[in-house]
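Overview (structure and organization)
The chain contents come next:
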Amino acid sequence: MLTTDPPAAENGIVQDGLSRRPRSPQRVPQPITFAKGAPLLIGERYQGPEGWDDDWFFCRTPGQQAGWGPLANLEEKRVLNAVVQEEEAGCGIAAVANILGKSYAEAKAMANGMGIHAGDRRLWSDTGYVRRMLAAAGVEVAAGETPFESWDGLPDLALLSIKHYREGGRDFWHWVVFTRREGEPLVLDSAAYLPANIRRDFAEMQPKWFIEVKPA
């Protein structure tokens, strides 16, 4: 297990899961602890006046209290990031962010610069926008969509379509990202309402097809 030790007590971080901000100098947090390779949701960067040598980020991992951790330790252990969409219909943008290792804001700025916006229904009813964004970042994907047959049959990195429905003669879906971490299958689902955005509840998801993301 890896324990990320917090700065000295006078820095006064409080990991209460609500404010996500340091408060009283008299309150000292417990360090966040997680196994190497554990799925970790990395949130906001701490921007307090203390002038710490390392960047510290608010982190969550399933099964324990959230807290702050230094970026140096997070990168060293190659923890997995999961981006949460900041717009109701931003799953396509968030899926691209998850693949590129960008924040939602960065992926959104990239999309908007290409004339792609979360409010455009084609973003979750046509694969073209997501393909364009990935291509612009130099990421190659399969030319077509492959019908989903089994989780074991998926490549190591893929875009997945789940939650399909049909409206006005057109198909719609929710974008998620499938990946394997040290052989373990995981789904990065950006939906903001989920208690955890790194999913293993495969029986609850019903993909219709996938797009393989080619290794660099």
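Computed from a predicted structure; not experimentally measured.

Cut-offs applied
- Residues numbered from 1 in each chain as written.
- Predicted model: local features only at pLDDT ≥ 70, side-chain atom pairs only at ≥ 80, totals over all residues.
- Heavy atoms only, no water.
- Helix = DSSP H or I, 4+ residues; strand = E, 2+ residues; numbered from the N terminus.
- Contact = heavy atoms within 4.5 Å.
- Areas by Shrake-Rupley, 256 points an atom, 1.4 Å probe, with all protein chains shown as cover.
- 1 Å grid on protein atoms, 1.4 Å probe; cavity = no way out; pocket = protein on both sides within 12 Å on 5 of 7 lines; lining within 4 Å.
- Points joined across faces, edges and corners; volume = space filled by probe spheres on them.
- Nonpolar A, V, L, I, M, F, W, Y, C, P; charged D, E, K, R; others polar.
- Buried < 20%, exposed > 50% of the residue type's maximum accessible area, 1.4 Å probe, protein only.
- Pairing = 2+ DSSP bridges.
- Salt bridge = Lys/Arg side-chain N within 4 Å of Asp/Glu carboxyl O.

Turning our eyes to something else, we now look at the overall build of the protein. The secondary structure content of the protein amounts to 4 helices and 11 strands. Sequence separation of 24 or more characterises 55% of the internal contacts of the protein that already satisfy a separation of 6 or more. With an accessible surface of roughly 11,200 Å², the protein has 47% of that area assigned to carbon and sulfur atoms.

Below, the discussion takes up the layout of surface pockets. In this structure, the second largest pocket spans a volume of roughly 240 Å³. Lining the second largest pocket are 13 residues; nearest its centre among them are Gln85, Glu88, Cys91, Lys163 and His174. Breaking the lining of the second largest pocket down by element, the ones donating at least two residues are strand 7 (157-167) and strand 8 (170-181). Residue composition of the lining of the second largest pocket, by class: 8 nonpolar, 3 polar and 2 charged.

Counted residue by residue, helix 2 (residues 91-100) has 9 buried out of 10 residues, so it is predominantly covered. By the burial criterion, the buried members of helix 2 are Cys91, Gly92, Ile93, Ala94, Ala95, Val96, Ala97, Asn98 and Ile99. The secondary structure elements touched by the buried residues of helix 2 are helix 3 (104-113), helix 4 (128-136), strand 7, strand 8 and strand 9 (184-188). Immediately downstream of helix 2, the backbone of Gly101 shows phi near 75°, a positive value.

Our next topic: the pairing of strand 7. Here 9 bridges tie strand 7 to strand 8, and the two strands are oriented antiparallel to one another. Opposite Arg166, over in strand 8, you have Asp171 as the bridge partner. The hairpin turn running from strand 7 into strand 8, its antiparallel successor, is 2 residues long, and Gly168 in that turn takes a positive phi close to 60°. Inspection of the sheet shows strand 7 paired to strand 11 (residues 209-212) by 4 bridges, in the antiparallel sense. Bridging from a neighbouring strand, Ala158 pairs with Glu212 of strand 11.

With the rule as written, the count across this model stands at 10 salt bridges. For Asp156, the salt bridge identified is with Arg180, shortest N-O distance 3.0 Å. Of this pair, Asp156 sits in the loop between strand 6 (146-147) and strand 7 while Arg180 sits in strand 8, placing them 24 residues apart in sequence. Judged by relative accessible area, Asp156 falls into the exposed class, the value being 53%. On the basis of relative accessibility, which here comes to 24%, the residue Arg180 falls in the partly exposed class. With a closest N to O distance of 2.6 Å, Arg200 and Glu184 form a salt bridge. Of this pair, Arg200 sits in the loop between strand 10 (198-199) and strand 11 while Glu184 is found in strand 9, placing the two residues 16 residues apart along the sequence. Arg200 gets classed as partly exposed once you look at its relative accessible area, which sits at 36%. The partly exposed category is assigned to Glu184, whose relative accessible area is 31%. Here the residues in one salt-bridge network are Asp189, Arg199 and Asp201, joined through shared partners.

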